[in-house]
Amino acid sequence: MFNSKDKTDNEGVNLMMHALPEKLPYVLKLLPKTKPARIKKIAGKKWYNILTFCTKKEARRLIPKLKNAGCEDIVEFPAIFFF
């Protein structure tokens, strides 16, 4: 039987967040290895912007762990493949 929840759980989403340089190695270990994360230093700030791709199911599991790792301003949005 087809379950629409299964289909939406496997849809891709992008996660964007900010992390301090000292937290970056731990944060990167948490991220899925599906595609490499895009990391950019925020101009004039100590923070780094991190953009990664994952499934909705992975995002629900990851977001609490990313918050505990020190990430801030976490945003989930539909997958737009521009990597």
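One can find the structure itself at the top, above this paragraph.
All of these numbers come straight from a predicted model, not from anything done at the bench. (Residues numbered from 1 in each chain as written. Predicted model: local features only at pLDDT ≥ 70, side-chain atom pairs only at ≥ 80, totals over all residues. Heavy atoms only, no water.)

Colleague: A description of the overall build of the chain should follow, citing residues and the corresponding values.
Modeller: In terms of regular secondary structure, the chain is built from three helices and four strands. Its helices and strands in sequence order give the chain the pattern α-β-α-β-β-α-β, from N to C terminus. Across the 83 residues that make up the chain, the buried fraction comes to 30%. Within the chain, residue pairs in contact and separated by at least 24 positions form 74% of the contacts whose partners lie at least 6 positions apart. (Helix = DSSP H or I, 4+ residues; strand = E, 2+ residues; numbered from the N terminus. Buried < 20%, exposed > 50% of the residue type's maximum accessible area, 1.4 Å probe, protein only. Contact = heavy atoms within 4.5 Å.)

Colleague: So what about the environment of alanine 79? Which residues, and what values?
Modeller: In this structure, alanine 79 sits in the segment after strand 4 (72-78). For the pair alanine 79 and lysine 56, spaced 23 residues apart in sequence, the C-alpha to C-alpha distance is 9.9 Å. The contacts of alanine 79, once residues within four sequence positions are left out, are Gly12, Val13, Asn14 and Phe53.

Colleague: Any details on unusual backbone geometry? Residues and values, ideally.
Modeller: Of note, the phi angle at aspartate 73 is positive, near 55 degrees, even though the residue is not glycine. Tracing the sequence through the fold places aspartate 73 in strand 4.

Colleague: Which residues make up the sheet that holds strand 2 (residues 38-41), and what values go with them?
Modeller: Spatially, the four strands line up as an open sheet ordered 2-3-1-4, and their pairing is antiparallel. A strand with exactly one partner marks an edge of an open sheet, and here the two such strands are strand 2 and strand 4. In this sheet, adjacent strand axes meet at a mean angle of 20 degrees when their direction is disregarded. Pairing of strand 1 (residues 12-19) with strand 3 (residues 48-55) involves eight bridges; the strand directions are antiparallel. Bridge pairing in strand 3 places alanine 19 opposite tyrosine 48. Here helix 3 (residues 56-68) sits on the sheet and contacts strand 1, strand 3 and strand 4; the angle it forms with strand 3, its principal contact strand, is near 145 degrees. (Pairing = 2+ DSSP bridges. Axes fitted to C-alpha atoms, helices over the stretch in contact; angles between N-to-C directions.)

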